[in-house]
Amino acid sequence: MSDPNFDAERVLRDLRPFQQRTVEHVVNQMYRTEHTRRFLVADDTGLGKSLVARGVIARAIEQLQTVDTVDRIDIVYVCSNLDIARQNINRLNVIGTEVPMTTRLSLLATRSVDLNTAPLVGHKPVNLVSLTPRTSFEKGWRTGRVDERALLMTILATHLNLSGARYTAACRVLKGSIPDWRRFSNRVDQFQTDHGATLDQTIIRRFLRLARRRPEGDMTSPLHRFSVLVEGTVGRSTVPGGDEAAAVVIGELRELLARAGVDTLQPDLIILDEFQRFTELLDTTTEVGQLAHELFEYPDARVLLLSATPYRAFTLDRSDGESDGAPHHTQFQQTIDFLAAGSKDVAVAQTIRKLLDDFRFDIVDEGDPTDRVAELRDALLTLMCRTERPATEKNSMVTEVRATAPPVDSVQVQQYLHLKRLAESVDAPLPIDVWKSVPHLAHFMDAYLMGRKADDAAASGDLDVREILAATPRIDPESVRTFAPIPAHNSRLQSLLDSTTERNWHTLLWVPPSLPYVMPDGPYADPAVQRMTKKLVFSSWSATPTSVASLLSYDANRRLATATDRIVENDPERLRRV
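So, a few notes on the structure that sits alongside this text. (Residues numbered from 1 in each chain as written. Predicted model: local features only at pLDDT ≥ 70, side-chain atom pairs only at ≥ 80, totals over all residues. Heavy atoms only, no water.)

Some details on the environment of proline 267
Looking at where proline 267 falls in the secondary structure, it is placed in strand β6 (residues 267-273). Residue classification places proline 267 among the buried residues on the basis of a relative accessible area of 0%. Separated by 32 residues in the primary sequence, proline 267 and proline 299 have C-alpha atoms spaced 8.6 Å apart. (Helix = DSSP H or I, 4+ residues; strand = E, 2+ residues; numbered from the N terminus. Buried < 20%, exposed > 50% of the residue type's maximum accessible area, 1.4 Å probe, protein only.)

Now the structure itself:
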């Protein structure tokens, strides 16, 4: 028997105090005061934004279970891919019963019966539905999945009375990448056996209404274009205009299926996780954004954005060819505009713009920005909040461990001087942070404007560039061939090596248990690995992961090969592989 009074406290008591405070602030803004329907939680990485979202879901259910106009509660979780969706939707499940559902908007007609049969939580049925932009909003590969096309065939065959040669022609149009129309027809038959009796007729009727409409600027409707293509295919083995013509029509119809599904979904709370990965959903000038906004603008729906990095960090010097550091400000303002669209204060976006301009003026003119900061903070807190890692709190969930990096060696300096000269020669930027963050940058600079220009110049016979490249200290190929040690020539990499492979971490297949059931033996008995834990390397430079992973892996492989006699000494001067 379900609990007649859902209590969010049992969920919130598992959260840390700062997470509980965030939940209450979000709920106050979105539900209790109804100041806004859209809110951003921008907590620092690792501080549990998913747990905050879980708390907000619990409070939302608690708030909505007594609202007479809400028949059921639909929580929609949007993230970048299906794997993350399946993992996180279970974390957000505050109900304890099996209700999470991963689907596509275009296929909601096959699953809507599940929405109406969800178990009662408190006084209302509750659904947790996960969607991904690539499968639910973007056209992507326009012919989509075969079950989407089978649904279209089922709907259109009935509505247009397709039979005989016209049915065959429609199969040729909708078969997509399936080589033979008969195989597609068999898939349609199977689809109808599985779903024909339970298809949501409300979604189908709305889809047909949309398909009959003529979009602004078009002389015909999508349904008419499909019918014309079918008639032109009758008696032919191919579709007039080929696969491309068929793909265009299929893409239009799939999009309308998705639009038809939004209204049936009845979203009450929409969570966009790491939304900076799909900011196109916030842009109403695009087809993708227009479809997403039909979801966001559903009556009384709340939208919760989660992101530790809601806009690109400010930088004075771009190394990827962009000439200015403005995009961070543009992205921030776009996010503010999106959030402000759900606020009761229609002027809040303009207020924040003015406060930012005033704050900038105070800073430049060496004024006192204290009052401006307080005003700006108050305005922003109506739309967003952020918790950062505590530095001195006694009960902090993290501990800062400072490690002194080895000093910069002479080869590092030579590398930088030669690369700086190279950058000047090809008229490209070289921020000093790139040199500090990317070990052996000369081998990993193809991701940057300097590297691309240097490659082009060297290929065209530029002698100056070739001379600089030849003089730049680089990794000795013979060292790699013989598995000899490669000096880090980078303080940060050396520090990482000292704390990993130098401590024999490479000898372990998995992280050792913190509370072992048995006495550790073999490599696990080594005192150097007893305090081993996971390490996470952060960097804003795209070449850092490649460089660090390559050099750290090489050092681990070299040590393993040496330890297992895969490399033996040939003479005092050289090593060779067995």
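That was the structure; now back to the text.
Focus: the nonpolar core
In this structure, Phe207, Phe226, Leu265, Ile270, Leu272, Phe296 and Ile352 are the most contacted members of the largest nonpolar core, which totals 84 residues. By residue number, the principal contributor to this core is helix α12 (residues 242-265), which donates ten residues. Beyond its immediate chain neighbours, meaning those up to four positions away, leucine 265 contacts Arg72, Asp74, Val76, Leu105, Leu108, Leu115, Val129, Leu131 and Leu295. Leu15, Ile57, Leu128 and Leu269 belong to the second-largest nonpolar core, a separate cluster that totals 38 residues. (Core = buried A, V, L, I, M, F, W, Y, C linked by side-chain atoms within 4.5 Å. Contact = heavy atoms within 4.5 Å.)

Quick word on the packing of helix α17 (residues 410-425) against helix α20 (residues 463-471)
Two elements in contact, α17 and α20, have axes whose closest approach is 9 Å; the angle formed by their N-to-C orientations is 165°. By the angle between their directions, the pair α17 and α20 is classed as roughly antiparallel. Viewed along their axes, α17 and α20 form a crossing whose handedness is left-handed. Two secondary-structure elements touch here, α17 through His418, Arg421, Leu422 and Ser425 and α20 through Asp464, Val465, Glu467, Ile468, Leu469 and Ala471. Here the residues of the contact of α17 with α20 are counted per class, giving five nonpolar, two polar and three charged. (Axes fitted to C-alpha atoms, helices over the stretch in contact; angles between N-to-C directions. Parallel < 35°, antiparallel > 145°, perpendicular 65-115°, else oblique. Left-handed = near helix turned anticlockwise from the far one by under 90°. Nonpolar A, V, L, I, M, F, W, Y, C, P; charged D, E, K, R; others polar.)

Topic: helix α7 (residues 146-159)
Here α7 is 14 residues long and its end C-alpha atoms lie 20 Å apart, about the 20 Å a rise of 1.5 Å per residue gives. Summarising burial for α7: eleven of the 14 residues are buried, a large majority. For α7, the set of buried residues is Val146, Glu148, Arg149, Ala150, Leu151, Leu152, Met153, Thr154, Ile155, Leu156 and Ala157. As for α7, its buried residues are in contact with α8 (164-174), α9 (181-195), α10 (201-212), α11 (222-233) and α12. Remark: asparagine 161 follows α7 within two positions and exhibits a positive phi of approximately 55°. (Expected span 1.5 Å × (residues − 1).)

Here we look at empty space enclosed by the protein
Counting across every chain of the model gives five cavities of 30 Å³ or more. Taken as a whole, the second largest cavity encloses approximately 60 Å³ of empty space. In terms of lining residues, the second largest cavity is bounded by Ile486, Pro487, Ala488, Leu493, Leu497, Leu551, Tyr554 and Asp555. No other element matches the three residues that helix α23 (residues 543-563) contributes to the lining of the second largest cavity. Residue composition of the lining of the second largest cavity, by class: seven nonpolar, no polar and one charged. (1 Å grid on protein atoms, 1.4 Å probe; cavity = no way out; pocket = protein on both sides within 12 Å on 5 of 7 lines; lining within 4 Å. Points joined across faces, edges and corners; volume = space filled by probe spheres on them.)

Taken by themselves, the reported measurements are silent on function.
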